[in-house]
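Chain and residue survey
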Amino acid sequence: MAFAWIPPPVKPEGVFHNWDLRLYSPDDLFHRTVDIVKQTKKILDKVSRAKVLTYETVLKPVLDAHQFSCLQGVLVTFPRHVSECPVLRQAAADATRTLEESNVEMSMRKDIFDKLVLYKEKFSSRDNLKPELARCLNYLIHNGRRNGLHLNEGVRNKIKSIKKRLSELQLQFTRNLAEENSYLLLSYEDLTGMPYSFIEGLNFDPDTKKYEVTLKSHHFFPVTRKCGNPETRRIMEYYYQSRCQPQNTKILEEIIELRQQEAELLGYRNHASYIQDILMAKNPQNVKKFLIDLTKKLKPPWEIEKKQLLELKKKEVYF
């Protein structure tokens, strides 16, 4: 597919991106990605060299770097989910991988962590930070500890290696799902209850006299919500949940193992404890208690609702 560069139209003030993906080529995404990584590193390098520690020289530029990377990064990564062009999707996937690697490197910079800690302990009080900025400073330092930046170099290198591998695996997991292109062959009777406009838009296989229904969301959700044939809904749900099972099962198993290793290196019992540390529940025990208590409260009304749903099922129009 040939890409012709088209000057983007003038954007109103405050609008940062043009989302017409026809205006972008793989080279555009590549050069934008390189620039994002370069500019983010430049900002943080300046923080690392700062001699006088103030809000303007430490906290603000760190926040600016995060904002810049996230805001600009969306444009080069989002096409992997929505672009019709496989070449552009691949370029966006490559951009995502590059930015993820850069994010790991940036999040593991001990020099920036040390600057934030020193600024908080000795200089932040004179800046009289607003509550939201003080909270943000505490979060950045706590997050640095969650990345192991307070630990020795050997442990930090192990954690960085694990984070990079996890990033690769997670990207491959989602890419497998995005590029999955299997479909089911369903008859007109199988699609009883579906709008004519939906059926008309399906590819028809002349050999089997059936319609090709993919497992993409624009087919899966309408069929599982509108189709009057319960068996069709069942098999759609089954195959949708089984997408990429052989390859993604292996990836998931490795992710689970690496997450456990990372949690233990950081002093947590498991990955759940690591994740809950910054969430409202704080630990898996509180989550378990909440769910058990909630289950007890919901069971009586569920029995009533289940009975009503089963009655509706018996009255199903088509079957």
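Every chain begins its residue count from 1, and numbering advances along the sequence as written. Owing to the predicted nature of the model, reporting of local features is limited to residues with pLDDT of at least 70; listing and counting of side-chain atom pairs is limited to 80 or more, with chain, interface and lining totals taken over all residues. Based on all heavy atoms of the structure, the side-chain values leave hydrogens and waters out of the count.

A few words now on the overall build of the protein chain. When its secondary structure is counted, the protein chain shows 13 helices and three strands. The globule rule used here is 2.2 Å times the number of residues to the 0.38 power, and the radius of gyration it is set against is calculated over C-alpha atoms. At 26 Å, the protein chain has a C-alpha radius of gyration far larger than the 20 Å of a compact globule built from 319 residues. For the protein chain, the spread of C-alpha atoms along the three principal axes comes to 75 × 60 × 40 Å. Residue burial is assigned from relative accessible area. The probe radius is 1.4 Å, only protein chains are included, and a residue is buried under 20% of its type maximum, exposed over 50%, and partly exposed in between. Evaluated residue by residue, the protein chain yields a buried proportion of 34% over its 319 residues. Throughout, a contact is declared for two residues whenever any of their heavy atoms are within 4.5 Å. Counting only contacts in the protein chain whose residues sit at least 6 apart along the sequence, the fraction spanning at least 24 positions is 67%. As displayed, the protein chain offers around 20600 Å² of accessible surface, 56% of which is attributable to carbon and sulfur atoms. A helix here means a DSSP run of H or I that spans at least four residues, while a strand means a run of E at least two residues long, and both kinds are numbered starting from the N terminus. The accessible surface values rely on the Shrake-Rupley method and a 1.4 Å probe; as for residues, cover is taken only from the protein chains in view.

Further remarks concern the pairing of strand 3 (residues 210–214). In summary, the side chains of a regular strand alternate between the two faces of the sheet. Two strands qualify as a pair provided that DSSP identifies no fewer than 2 bridges between them. Summarising the sheet, strand 1 (residues 183–186) and strand 3 pair through four bridges and their orientation is antiparallel. Opposite Y183, over in strand 3, you have T214 as the bridge partner. When strand 2 (residues 203–205) meets strand 3, the two strands line up antiparallel, connected through three bridges. Bridge assignment links D205 to a residue of strand 3, and that residue is K210. Here strand 2 folds back onto strand 3 in antiparallel fashion, the turn holding four residues, of which K209 has a positive phi close to 60 degrees.

A cluster of basic residues, K38, K42, K46 and R49, forms a positive patch on the protein surface. Of note, R49 is situated in helix 1 (residues 26–49). Here R49 falls in the exposed class, since its relative accessible area comes to 56%. Here, patches come from residues exposed beyond 30% relative accessible area and free of salt bridges, joined within 9 Å for like charges and within 5 Å for nonpolar side chains (Val, Leu, Ile, Met, Phe, Trp, Tyr). Whenever Lys or Arg places a side-chain nitrogen within 4 Å of a carboxyl oxygen from Asp or Glu, that contact is recorded as a salt bridge. Charged residues are defined here as Lys and Arg on the positive side and Asp and Glu on the negative side; His and the ends of the chain fall outside this count. A single reference atom marks each charge: NZ on Lys, CZ on Arg, CG on Asp, CD on Glu.

By convention a nonpolar core is built from buried Ala, Val, Leu, Ile, Met, Phe, Trp, Tyr and Cys residues, the set being connected through side-chain atoms within 4.5 Å. Judged by nonpolar contacts, the single largest core of 26 residues is most densely connected at L59, V62, L116, Y119 and L137. Elements represented by at least two residues in this core include exactly helix 1, helix 2 (55–77), helix 4 (86–107), helix 5 (110–127), helix 6 (131–146) and helix 7 (153–179). With residues near it in sequence (within four places) discarded, L59 still touches T54, L116, Y119, L129, L133, L137 and L140. Core analysis: the second largest hydrophobic core is formed by 16 residues, L184, Y211, F220 and Y240 among them.

The next thing to look at is the pattern of salt bridges. Overall, the coordinates contain 18 salt bridges when judged by the stated rule. Here D45 and K41 are joined by a salt bridge, their closest N and O atoms 2.9 Å apart. Within this pair, D45 and its partner K41 are both found in helix 1, separated by four residues, close to a single helical turn. The salt bridge involving D114 is made with K110; its shortest N-O contact spans 3.3 Å. With D114 and K110 both in helix 5 and four residues apart, this pair spans about one turn of that helix.

Here we take up a nonpolar patch on the surface. Together, W19, V74, F78 and V82 make up an exposed nonpolar region whose accessible area comes to about 350 Å². With respect to the helices and strands, V74 occurs in helix 2.

Attention now goes to the packing of aromatic side chains. Aromatic ring pairs are described here by two measures, namely the spacing of the ring centres and the angle between the planes. Stacked, tilted and edge-to-face are the three classes applied to pairs of Phe, Tyr and Trp rings, where Trp contributes its six-membered ring and a pair requires centres within 6.5 Å; stacked means planes under 30 degrees apart, edge-to-face means over 60, and tilted covers the rest. Enumeration according to the criterion identifies six aromatic pairs in this entry. Relative to Y211, the ring of F204 has its centre 5.1 Å away and its plane inclined at 65 degrees; by these criteria the two rings are edge-to-face. Seen in terms of ring centroids, F220 and Y240 are 3.7 Å apart; in terms of plane orientation they differ by 10 degrees. Their pairing is stacked. Here Y240 lies in helix 10 (residues 230–241) and F220 lies in helix 9 (residues 217–226), a separation of 20 residues in the sequence. Judged by relative accessible area, which is 3%, F220 ranks as buried. Counting every residue linked through ring pairs, the aromatic cluster contains F220, F221 and Y240. For a ring to carry a charge above it, either NZ of a lysine or CZ of an arginine must fall within 6 Å of the ring centroid while also lying within 35 degrees of the normal to the ring plane. Above the ring of Y274, the side-chain terminus of R146 is found at 4.0 Å from the ring centroid. Against the face of Y240 rests R243, its NZ or CZ located 3.9 Å from the ring centre.

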